[in-house]
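Now for the letters of each chain:
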Amino acid sequence: MTIIRAAILAGDALRQGGAELIDSWHPGSDERLWVDIEDPDQAALEPLLEQRFGFHELAAEDSLSLNTLPKYDPFPTYDFFIFRAVDVDLSVHGSHSYKLAAFLGKDFLFTVHKEPMNAVEHVRQRLASDRRLLANGPDFLLYAIVDQMVDAHFPLLEKLEECVDDLQDAIFTDARPKHLDELLHLKRDGNVLRRHSLPQRELLNQISRGDAQFVQRPHLIYYRDVYDHMFRISETIDVLRDTMSGTMEAYLSAVANRTNEIMRVLTVFSAILLPLTLIAGIYGMNFERIPELHWMHGYLYAVGLMAIIAVGLFTYFRRRGWIGRRDR
């Protein structure tokens, strides 16, 4: 069900309500209008955006589409933006993407989103006590919303860093196949964050350069601050991806070293058993004339010879450091 919330600031007087409040707004006056549309329906949205306010049909269509990437389109009387945010649940390794479409004019701001957004709700609650958000202009109000969307990435990145650090400690202590599964899931989460952060960073870079016609120049510094945050987020994601790649190499090295240890032990035992097998094979041949064949101490001699060779080889391998302590 489409939910429309409106706020009008006239001087110091703030009025908040629903769609009926839009009729009392007078374009071209000192009144500032903010309309937030949640869970938009095409039948309800098109008459409002296209017919009543004259927004372009392609922009209205992009505001309804769920898969539109971050973008900026200038129009004669307004700017159209698409912002995106992503939420990743690291416990189940699931991600969910949010999209915010914004129509920014000289004295109005329309925000359109499919699902409830914490950033929009937070700014809407702040507006009642901090009217500066709308008094400074709709572009400043848009900055406040986007700033909340971008800053929501930092706790997620901190949690991702903690997961990677804990995984590194576990791998260095005792590498297990489950650690590789967890690492692959974390890499996927990092790729999801990176895929959403790069287009968003480019969009914020455009705005901070002054490309958006309805963003006031005194407010560009605020958008540059958001861009700096987004740039730092992207850099952190790249560092985490490199760290996870190094962790995977460490895991593979640990598994390879463990395999080498096992193969080394098996090779040592095979080397010890080989001469014993040779002796047993010689004395097991079915020939009538074999030395010591009828000797009463022949069995003890053969077993003793095997024992001496086995102990000698074991001592030699241990002194060479092939078995036992590696620092010998």
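Use the structure listed above.
Owing to the predicted nature of the structure, the values given are computational and were not obtained by experimental measurement.

**Q** What is the right way to look at a nonpolar patch on the surface in this model?
**A** Together, Leu278, Ile282, Tyr283, Met285, Trp295, Met296 and Tyr301 make up an exposed nonpolar region whose accessible area comes to about 740 Å². If you tally residues by element for the nonpolar patch, the top one is helix H8 (residues 220-283), at three residues. Of note, Trp295 is situated in the loop between H8 and helix H9 (298-319).

**Q** What exactly am I supposed to notice about the side chain of Thr247 here?
**A** Within the secondary structure layout, Thr247 lies in helix H8. From its side chain, Thr247 meets the backbone oxygen of Thr243 in a polar contact 2.8 Å long. The contact partners of Thr247, leaving out residues within four places of it in the chain, are Val164, Gln168, Ile171 and Leu183.

**Q** Looking at this structure, I do not really get the sheet that holds strand S7 (residues 108-113). What am I missing?
**A** Consider a sheet: its strands pair through backbone hydrogen bonds, and that pairing is either parallel or antiparallel. One open sheet accounts for seven strands, arranged S2-S1-S3-S7-S6-S5-S4; its pairing is mixed. Both outer strands of the open sheet, strand S2 (13-17) and strand S4 (71-75), are each paired with one neighbouring strand and no more. Ignoring strand direction, the axes of neighbouring strands in this sheet form an average angle of 15°. Strands S4, strand S5 (78-89), strand S6 (94-104) and S7 of the sheet are contacted by helix H2 (residues 57-64), whose axis makes an angle of about 155° with S6. Against the sheet, helix H3 (residues 118-127) touches strand S1 (3-10), S2, strand S3 (32-38), S6 and S7, its axis set at about 145° to S3.

**Q** Is there a simple way to think about helix H7 (residues 177-208) in this case?
**A** For the α-helix, the turn length of 3.6 residues means that residues three or four positions removed from each other point alike. Counted at 1.5 Å a residue, the expected span for H7 with its 32 residues is 46 Å, and the 46 Å between its end C-alpha atoms agrees. Phi turns positive one or two residues past the end of H7, at Gly210, with a value near 95°.

**Q** Help me understand the environment of Met285, please; the structure alone is not making it clear to me.
**A** Tracing the backbone through its elements, the reader meets Met285 in the loop between H8 and H9. Here the alpha-carbon distance between Met285 and Pro76, two residues 209 residues apart in the chain, equals 102 Å.

**Q** Help me out: how do you make sense of the nonpolar core in this one?
**A** Among soluble globular proteins, nonpolar side chains are generally buried collectively. In this structure, Phe81, Phe83 and Leu142 are the most contacted members of the largest nonpolar core, which totals 60 residues. At 11 residues, the largest contribution of residues to this core is made by H8. Excluding residues within four positions of it along the chain, Phe83 makes contact with Tyr98, Lys99, Leu100, Ala102, Leu142, Val146, Met149, Gln200, Leu203, Leu204 and Ile207. Counting 24 residues, the second largest nonpolar core, distinct from the first, contains Phe75, Ile82, Phe108 and Val112.

**Q** For this particular structure, what's the right way to read the pattern of salt bridges?
**A** Here the idea is simple: oppositely charged side chains can pair when their charged atoms come close. A complete count under the given rule lists 15 salt bridges for this structure. Ionic pairing is found between Lys71 and Asp62, a salt bridge with its closest N-O pair at 2.9 Å. The exposure class assigned to Lys71 is partly exposed, which follows from its relative accessible area of 23%. Across the pair Arg126 and Asp130 runs a salt bridge whose closest N-O atoms are separated by 3.4 Å.

**Q** How should the layout of surface pockets be read in this particular structure?
**A** If a probe the size of a water molecule is rolled over the atoms, the empty space left behind becomes visible. By volume, the largest pocket amounts to about 330 Å³. Contributing to the lining of the largest pocket are 13 residues, with Ala85, Asp87, Tyr98, Asn118 and Ala152 lying nearest its centre. Of all the secondary-structure elements, those providing two or more residues to the lining of the largest pocket are S5, H3, helix H5 (138-151) and helix H6 (153-174). Among the elements that make up the lining of the largest pocket, the one with the highest residue count is S5 (three residues).

**Q** I'm lost on unusual backbone geometry in this one. Help?
**A** Excluding glycine, most residues fall at negative phi; most peptide bonds, likewise, are trans. Residue Asp39 is not a glycine yet carries a positive backbone phi of 55°. Summarising the element assignment, Asp39 is placed in the loop between S3 and helix H1 (42-52). Looking at Asp39, the relative accessible area reads 22%, which means it is partly exposed.

**Q** Just checking my understanding: could you explain the pairing of S1 for this structure?
**A** Regular strands have side chains that alternate between both faces of the sheet. Relative to S3, S1 runs antiparallel, the two being bridged by seven bridges. Within the sheet, the bridge partner assigned to Ile8 lies in S3 and is Leu33. With five bridges connecting them, S1 and S2 associate as antiparallel partners. Bridged to Ile8 within S2 is Arg15.

Reading the values: rules and limits
Residues numbered from 1 in each chain as written. Predicted model: local features only at pLDDT ≥ 70, side-chain atom pairs only at ≥ 80, totals over all residues. Heavy atoms only, no water. Patch = residues over 30% accessible without salt bridge, like charges linked within 9 Å, V, L, I, M, F, W, Y side chains within 5 Å. Areas by Shrake-Rupley, 256 points an atom, 1.4 Å probe, with all protein chains shown as cover. Salt bridge = Lys/Arg side-chain N within 4 Å of Asp/Glu carboxyl O. Helix = DSSP H or I, 4+ residues; strand = E, 2+ residues; numbered from the N terminus. Polar contact = N/O pair within 3.5 Å; in protein donor to acceptor, adjacent residues only side chain to side chain. Contact = heavy atoms within 4.5 Å. Pairing = 2+ DSSP bridges. Axes fitted to C-alpha atoms, helices over the stretch in contact; angles between N-to-C directions. Expected span 1.5 Å × (residues − 1). Core = buried A, V, L, I, M, F, W, Y, C linked by side-chain atoms within 4.5 Å. Buried < 20%, exposed > 50% of the residue type's maximum accessible area, 1.4 Å probe, protein only. 1 Å grid on protein atoms, 1.4 Å probe; cavity = no way out; pocket = protein on both sides within 12 Å on 5 of 7 lines; lining within 4 Å. Points joined across faces, edges and corners; volume = space filled by probe spheres on them.

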